[in-house]
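Each chain is listed here by its residues.
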Amino acid sequence: LENIYNKDFVIEKTSFDFFHGRTYHSYAHPKESPELTFYVGQNTSTKEIEDGYHYELWYKQAKDELGPIIEKIFPDNFNYGVEISPIKSLSINEMSKDLNFKEYTTVQIGVSMDDYVITKENRDSEIERSYHLLVSLKEKGIKFIHFSISYKNRTIQLTRDKSRSISSSNELERWLTDYG
């Protein structure tokens, strides 16, 4: 790990899996970032060492950058999720760098407003608020794979292509659907 990423790591207790490929497995974290824990171990087929450092780094970056935006626009949310999906492999040269998640992942955003009912009176303001979140995240350079806001009685679900094509709150309104 230290040779690949040019930093010091702490490796937790290592285990040997006798029954499933006779391989070693552990968890590690950068010495300076104990909260960034990731898997490291042998691939059961190839016996090569693999790890989840970049995935966990990108997930933390995404959550740290996007979470405050979601919380600012939807302070009354019941819950929200930020998930990432890597979109390209890293070259040997890139492996040693702490790369930004925006270049290498797509993002799924889900905001749960399960205790909040959409009514005639609040419909327009909720669509505007949802559009504001979508635009704020697009301005940060986020590549969506999925964007959703779920209310008690309605939902907005956008795929990658739909999220790219929305350019006004009026366009977003047509994606506010009833649970059926």
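Residues numbered from 1 in each chain as written. Predicted model: local features only at pLDDT ≥ 70, side-chain atom pairs only at ≥ 80, totals over all residues. Heavy atoms only, no water.

S.K.: Break down the nonpolar core for me, with residues and values.
M.R.: Within soluble globular proteins, side chains that are nonpolar generally end up buried alongside one another. Formed by 34 residues in total, the largest nonpolar core has its most connected members in Leu66, Ile109, Val111, Leu133, Leu137 and Phe147. At 6 residues, helix H2 (residues 53-73) tops the list of elements feeding residues into this core. Not counting chain neighbours up to four residues away, the residues in contact with leucine 66 comprise Val82, Phe101, Val107, Ile109, Leu137 and Ile142. In terms of nonpolar packing, the next biggest core, distinct from the first, is built from 8 residues, Leu36, Phe38, Tyr53 and Leu57 among them. (Core = buried A, V, L, I, M, F, W, Y, C linked by side-chain atoms within 4.5 Å. Buried < 20%, exposed > 50% of the residue type's maximum accessible area, 1.4 Å probe, protein only. Helix = DSSP H or I, 4+ residues; strand = E, 2+ residues; numbered from the N terminus. Contact = heavy atoms within 4.5 Å.)

S.K.: Lay out a nonpolar patch on the surface with the relevant residues and their values.
M.R.: Taken together, the side chains of Phe16, Phe18, Phe19 and Tyr24 define a hydrophobic patch exposed on the protein surface, amounting to about 500 Å² of accessible area. Residue position: phenylalanine 19 is located in the loop between strand S2 (15-17) and strand S3 (23-30). On the basis of relative accessibility, which here comes to 72%, the residue phenylalanine 19 falls in the exposed class. (Patch = residues over 30% accessible without salt bridge, like charges linked within 9 Å, V, L, I, M, F, W, Y side chains within 5 Å. Areas by Shrake-Rupley, 256 points an atom, 1.4 Å probe, with all protein chains shown as cover. Salt bridge = Lys/Arg side-chain N within 4 Å of Asp/Glu carboxyl O.)

S.K.: So what's going on with the pairing of strand S9 (residues 154-159)? Which residues, and what values?
M.R.: As paired elements, strand S8 (residues 144-151) and S9 share 5 bridges and run antiparallel to each other. What sits directly across from serine 148, in S9, is glutamine 157. Where S8 folds back onto S9 in an antiparallel hairpin, the turn is made up of 2 residues. Where S9 meets strand S10 (residues 176-178), 3 bridges bridge the pair, whose relative direction is antiparallel. Within S10, the position partnered with isoleucine 156 by the bridge is leucine 176. (Pairing = 2+ DSSP bridges.)

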